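# Residue-level structural notes
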Amino acid sequence: MTIDTAVSAQPDERARFEWIVFDGDDTLWDTAALYKAITHEFAQWVVEQVNQHIPNQETTIEQVLARQAQEFESLFATLRNSAARYPRSLQDTAASFLVKLDRKPDCKTDLYNDLLFEAHSFGEEVYRRPARILPEVEQIIGILKAAGVNIGLLTVGEPLVQEKRLHEFPLRGALDWVKIIPADKADADTIGKVIHRLMWRYNVPAKERILVVGSSLETVVKPAVQVGIAAAWINRDAAAELAATPVDNSQIPPSKSEGIVEEEKGEAGTLTRYAYLTAFKGWLAETYTSSPQQESSSKTHVFGVFEGGGAKGLGHVGAYSACHKQGIRFLGVSGTSAGSIVAGLIAAGYEPEELFSGDGKGVLESVEYTRLLGPRRWEFLQWARGKRMIGKCLLFNRKISTIRLSFFLWLVAMTFMFFSPFFLVLILLHAIFWGQGYFKTKAFREWYNELLRQKVTPTGKNNEVTFDDIEKDWHERLKLGLAGDQNLLDLLNANGCPLKIVSTNVTSRRIVLHPDDGSNALPVADAVAASISIPLVFRPMRLPDFRNGGDSAPDGECEHVDGGALSNFPAWCFKNRKDRFCAPVPVVGFHLEDSSEKAKPRAGLLPFVGQLASTVIAGSSRLSVRGIPDLHEIDLRIKTGVLDFDIGGAEKKQTFSEGKSCTLTYILKGELGYQLASQEQMAPHLRALHEGMIGVLGSVKPQLRDPQPHLRVNVVCRRVQNRKATGALHVRYTWNMMY
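Keep in mind that this is a model prediction, so the values were computed, not measured.

### Side note on the overall build of the protein chain
Along its length, the protein chain carries 30 helices and 21 strands. When burial is assessed residue by residue, the protein chain has 48% of its 739 residues classed as buried. Sequence separation of 24 or more characterises 72% of the internal contacts of the protein chain that already satisfy a separation of 6 or more.

Here it is in structure tokens:
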């Protein structure tokens, strides 16, 4: 089978590949842009050094770039494709422009060598920086995973460099097979052996069922063609040829006119040359989806659960972005602590790009979290934690020694340095003791309510958005998108308010699920402020006790703290509504985990107490979700700490990207698409089973035909969680159970 036959055949007759094996560099991740950026930085550096040390020599950036290209090409004969080739080309380029320094008699002897070493460091920078994923890759992997195609990675290069690139690749979890070949061993024989091992391990019947896709023509694509494997060459340089050469689109199939430059056919294999990765994606969509437009417009409806985690909560926005991009829409959302912030904004109608756009304009991207906590209080807390105090005290001592003040003043400064932490801690404990918490939530509530007002018309006092406002606005938006799906409409109507916020009522010692306790008129900002109030860190939020009519406390209010104290992962709040209609609506929950692979025991009492508290909260959350059918738990591994509220723009982008990549990896594995049939889908089969059983009974005992017996059918199956059947059984489908 060749790509040509796959393109020209009709949709129902297309032969499909079982395995598509990708190259890494410039196919899955963009190393060309990385090399280009570093080379340009290096050229600017060379020009600066020449202007500084050799004034009479005129050098331009274009000259440096041209010289580097020549050096890189000439080193191929000796270094081939090794990792040392690029740094060596930069070093030789710098030497050619700075050679006069080595000959100047008044120049320091080490300056020339130091500059060459720095030039070599520029070349090594290309292996230290991460390479961005190409924009088309997410859609390509999504198309292949939806079609059930296995995805492999066959990349050639230095093993340590390629392993680092693979580790940085956000969708590495979607790869079914990975093989890294050293650059000095990349030939047709090695590629053939690797492909044969792949076929033997995964029972691939023939080589014609495998397609190799890559941009490395000499090391990956051509060797694959030589051993009889169909290959697609992603050649970016062909874009200029395609633009300069007139193409008769009437004589070329549509997929070719979008970027296929040529095809080379031989007895061994077929090589298709693409100018753009987008053209290859178009061929995939045409081959592996019967109706690309219908596929892209389809939506999967789920319930979303967002776990609490302090400053890690920005990872939830990345998860929301990944779900939205993959066509996943929420019928309801719930959250605790930081998760409640994101859940409330989703319920208000915010799109992912409005929350985090990547250019600093998103509502959760532009705000300074410390401003919401109180800048002075945060600065004081940083002093107490020791992050700023030691550095400032050392600077103070350095100034004292510089101006040579008396020994007495030096002694006072040293005393302040060593004893001020104790005074700061005492002041901090005093604020916590009298206020029951350090930070106030007033600034946060005002900011959050203003965000809600931009999307939802408020009806509460002081222009505050209530849960009733959220419910009305949400239902109006969702009913437009669910027209024709009566099952989901019934589920939506029975679900009430789609936003569920969890807090802990310490006055009545119980967990509270807003607004299911009757607090529909409660401002959403107040419920979210109560949910984020980490004990002792934030002051408790005073809310009316709607369950008792506001009379449980002397002033009709109760104190609420972080909902994570009792339920940090409230997936249980949608269970009753799912079971009532047996609707095939999964619950997707997002856990905020540490990015470290393994948790290490920490010495000391305070670290042990912290780990013990985390275990109590996390363990209770895990137990509360047992028995929930169709529950998908996605772990978002976030490097940011829980109390790192002073993170900058780079850290925010990293947190967002980590949440997005973890979610995309889970979705593209096909885990979320696995669902049991609904009651309506099973009804015809249950009816046929019922009639068949009556027929069998009538043939055995004719007296049972009149009157017809009343049979009831219950189908009992195990609960499914993350595509795995658990030991718990429940009645999944019923028939004739009305009376």
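### Looking at the pattern of salt bridges
If you walk through the whole model with that rule in mind, you get 17 salt bridges. Residue Asp 92 is joined to Arg 88 by a salt bridge in which the shortest nitrogen-to-oxygen separation is 3.3 Å. Pair noted here: Asp 92 and Arg 88 are both in helix H5 (residues 85–103), with a separation of four residues, about one helical turn. Judged by its relative accessible area of 39%, Arg 88 falls in the partly exposed class. Through salt bridges with shared partners, one network takes in Glu 41, Glu 124, Glu 125, Arg 128 and Arg 129.

### Here's the deal with the nonpolar core
Residues Phe 330, Tyr 448 and Leu 499 are the most contacted members of the largest nonpolar core, which totals 65 residues. Top element by residues in this core is helix H16 (residues 338–348). It accounts for seven residues. Judged by nonpolar contacts, the second largest core, of 61 residues, contains Val 50, Ala 83, Ile 143 and Ala 285.

### Brief notes about the pairing of strand E6 (residues 210–214)
Judged by how many residues are buried, E6 sits mostly within the fold: five of five residues are covered. The alternating pattern of E6 places Ile 210, Val 212 and Gly 214 and Leu 211 and Val 213 on opposite faces, both of which are buried. As judged from the four bridges shared by strand E1 (residues 19–22) and E6, these two strands associate in the parallel manner. Of the residues in E6, the one forming a bridge with Ile 20 is Leu 211. Where E6 and strand E7 (residues 230–234) come together, four bridges link them in parallel fashion. What sits directly across from Leu 211, in E7, is Ala 230. This β-α-β element, E6 to helix H10 (residues 217–226) to E7, shows right-handed connectivity.

### A word on the packing of aromatic side chains
What characterises a pair of aromatic rings is the spacing of the ring centres plus the angle enclosed by the ring planes. Counted according to the given criterion, the structure contains 14 aromatic pairs. The interplanar angle of 70 degrees and the centroid separation of 5.9 Å between the aromatic rings of Phe 42 and Phe 122 together place this pair among those described as edge-to-face. Taken together, the residues Phe 42 in helix H2 (residues 31–53) and Phe 122 in helix H6 (residues 109–128) connect sequence positions 80 residues apart. Take Phe 122: its relative accessible area is 17%, and that puts it in the buried class. Through successive ring pairs, a cluster of aromatic residues spans Phe 306, Tyr 320, Phe 330 and Phe 590. Across from the ring centre of Tyr 350, 5.2 Å away, lies the NZ or CZ of Lys 455, which sits over that ring. Sitting over the face of the ring of Tyr 369, Lys 652 holds its NZ or CZ atom 4.5 Å from the ring centroid.

### Structural notes on the pairing of strand E19 (residues 631–638)
Of all eight residues that make up E19, six are buried, and the element is covered over most of its length. The sheet contact formed by strand E18 (residues 587–594) and E19 spans eight bridges and is parallel. What sits directly across from Glu 593, in E19, is Arg 637.

### Quick notes on the confidence of the model for the protein chain
Within the protein chain, residue pLDDT values average 75, and 67% of them lie at 70 or more. Here residues 387–405 scores under 50 on pLDDT; set against residues more than four positions off or in separate chains, the count is 25 contacts.

Rules and cut-offs
Within any chain, residue numbers begin from 1 and follow the written order of that chain's sequence. Given that the model is predicted, a residue must reach a pLDDT of at least 70 before its local features are reported, and side-chain atom pairs must reach 80 or more before they are shown or counted; all residues, however, enter totals for whole chains, interfaces and linings. Neither water nor hydrogens contribute to the side-chain values; these are computed over all heavy atoms in the structure. In DSSP terms, a helix is any run of H or I states spanning at least four residues, a strand is any run of E spanning at least two, and both are numbered starting from the N terminus. For every residue, the accessible area (1.4 Å probe, protein chains only) is compared with the maximum for its type, and the residue is labelled buried under 20%, exposed over 50%, or partly exposed between those bounds. Contact criterion: two residues are considered in contact whenever any of their non-hydrogen atoms come within 4.5 Å of each other. Salt-bridge detection follows one rule: a side-chain nitrogen of Lys or Arg within 4 Å of a carboxyl oxygen of Asp or Glu. In this text, buried Ala, Val, Leu, Ile, Met, Phe, Trp, Tyr and Cys residues form a nonpolar core when linked through side-chain atoms within 4.5 Å. At least two bridges found by DSSP between two strands are what make those strands a pair. Looking down the strands as they point away from the viewer, one classifies a crossover as right-handed if the path from the first strand across the helix to the second runs clockwise. In summary, the pairing rule links any two rings of Phe, Tyr or Trp, Trp by its six-membered ring, whose centres are within 6.5 Å, and it sorts them by plane angle into stacked for under 30 degrees, edge-to-face for over 60 and tilted for everything else. We count a charge as sitting over a ring when the NZ of a lysine or the CZ of an arginine lies within 6 Å of the ring centre and within 35 degrees of the ring normal. Every residue gets a pLDDT, meaning the predictor's confidence in that residue, from 0 to 100.

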